[in-house]
Amino acid sequence: MSDRLALELFYAMFPGDPLRQVPEARATGARLRLQNGFPYLDEIDALLDGDTTQEWRQDPNGCLKMLKARAPDVVDLFIEQAIMAYFSDPIVSHVLTGKATPLFPHHVVMPDIDYDLLEPVLAHG
């Protein structure tokens, strides 16, 4: 168990999906990216330390809503950095895309779109 409540919240946010072989955040290198990219872990720890019930471990989304009511800017940045840290992990990216390159911050080229399919929609719009 981590001594940082913010990291425990991060792990709860990304529990993974064993059926789809998506790893939980704890099994990736995302923690280090979060620690290096988010300088306000102490502030998140302090916000979580006041919650003695720690029900946030089962309901991270409810916890994030509660934290946003108290410190919206820091919590928004935490959510953004947590998402970037998790989804930029090569293990997670490979499972989700089948490619070895992480989604963020690398440029991803999408296949060409067949705009012929949109013509009926535009004609009726």
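See the structure printed just above.
Residues numbered from 1 in each chain as written. Predicted model: local features only at pLDDT ≥ 70, side-chain atom pairs only at ≥ 80, totals over all residues. Heavy atoms only, no water.

Chemist: Help me understand the packing of helix α2 (residues 30–37) against helix α5 (residues 72–87), please; the structure alone is not making it clear to me.
Modeler: Pairs of packed helices are described in terms of their axes, by the angle between the two and the distance that separates them. Direction vectors running N to C along α2 and α5 enclose 140 degrees, while the axes themselves pass 8 Å from each other. Viewed along their axes, α2 and α5 form a crossing whose handedness is right-handed. Facing A30, R33, L34 and G37 of α2, the residues of α5 in contact are F78, Q81, A82, A85 and Y86. Taken together, the residues that form the contact of α2 with α5 break down as 6 nonpolar, 2 polar and 1 charged. (Axes fitted to C-alpha atoms, helices over the stretch in contact; angles between N-to-C directions. Helix = DSSP H or I, 4+ residues; strand = E, 2+ residues; numbered from the N terminus. Left-handed = near helix turned anticlockwise from the far one by under 90°. Contact = heavy atoms within 4.5 Å. Nonpolar A, V, L, I, M, F, W, Y, C, P; charged D, E, K, R; others polar.)

Chemist: For this particular structure, what's the right way to read the packing of helix α1 (residues 5–13) against α5?
Modeler: Contact pair α1 / α5: the axes reach a minimum separation of 11 Å and the direction vectors enclose 60 degrees. Between α1 and α5, the crossing angle belongs to the class labelled oblique. Of the two possible hands of crossing, α1 and α5 adopt the one that is right-handed. Between α1 and α5, the residues in contact are A6, L9, F10 and M13 and F78, A82 and Y86, respectively. Split into classes, the residues belonging to the contact of α1 with α5 amount to 7 nonpolar, no polar and no charged. (Parallel < 35°, antiparallel > 145°, perpendicular 65-115°, else oblique.)

Chemist: Explanation requested: unusual backbone geometry in the structure shown.
Modeler: Backbone phi values are negative for most residues with the exception of glycine, while trans is the configuration of most peptide bonds. Not every positive phi belongs to a glycine, and Q21 is a case in point at roughly 65 degrees. Here Q21 shows up in the loop between α1 and α2. Overall, the relative accessible area of 64% leaves Q21 in the exposed class. (Buried < 20%, exposed > 50% of the residue type's maximum accessible area, 1.4 Å probe, protein only.)

Chemist: Explanation requested: α5 in the structure shown.
Modeler: Residues spaced three or four apart along an α-helix face the same direction, because each turn holds 3.6 residues. Relative to the 22 Å expected for 16 residues at 1.5 Å per residue, α5 spans 22 Å between its end C-alpha atoms, a close match to the ideal helical length. The set of residues buried in α5 consists of V74, V75, F78, I79, Q81, A82, A85 and Y86. (Expected span 1.5 Å × (residues − 1).)

Chemist: When you look at the packing of aromatic side chains in this model, what are you seeing that I'm missing?
Modeler: Here a ring pair, both rings aromatic, is described through the centre-centre distance and the interplanar angle of the planes. Evaluation of the coordinates by the stated rule reveals 7 aromatic pairs. With centroids separated by 4.4 Å and ring planes inclined at 15 degrees, the aromatic side chains of F14 and Y86 adopt a geometry described as stacked. Residue F14 is found in the loop between α1 and α2, and its partner Y86 is found in helix α5; the two are separated by 72 residues along the sequence. Each member of the pair, F14 as well as Y86, carries the same accessibility label: buried. (Phe/Tyr/Trp six-rings, centres within 6.5 Å; stacked < 30°, edge-to-face > 60°.)

Chemist: Looking at this model, I keep getting lost on the environment of A71. Mind explaining?
Modeler: One can find A71 in the loop between α4 (60–70) and α5. A relative accessible area of 19% means that A71 is categorised as buried. Along the chain, A71 and I44 lie 27 residues apart, while their C-alpha atoms are 9.0 Å from each other.

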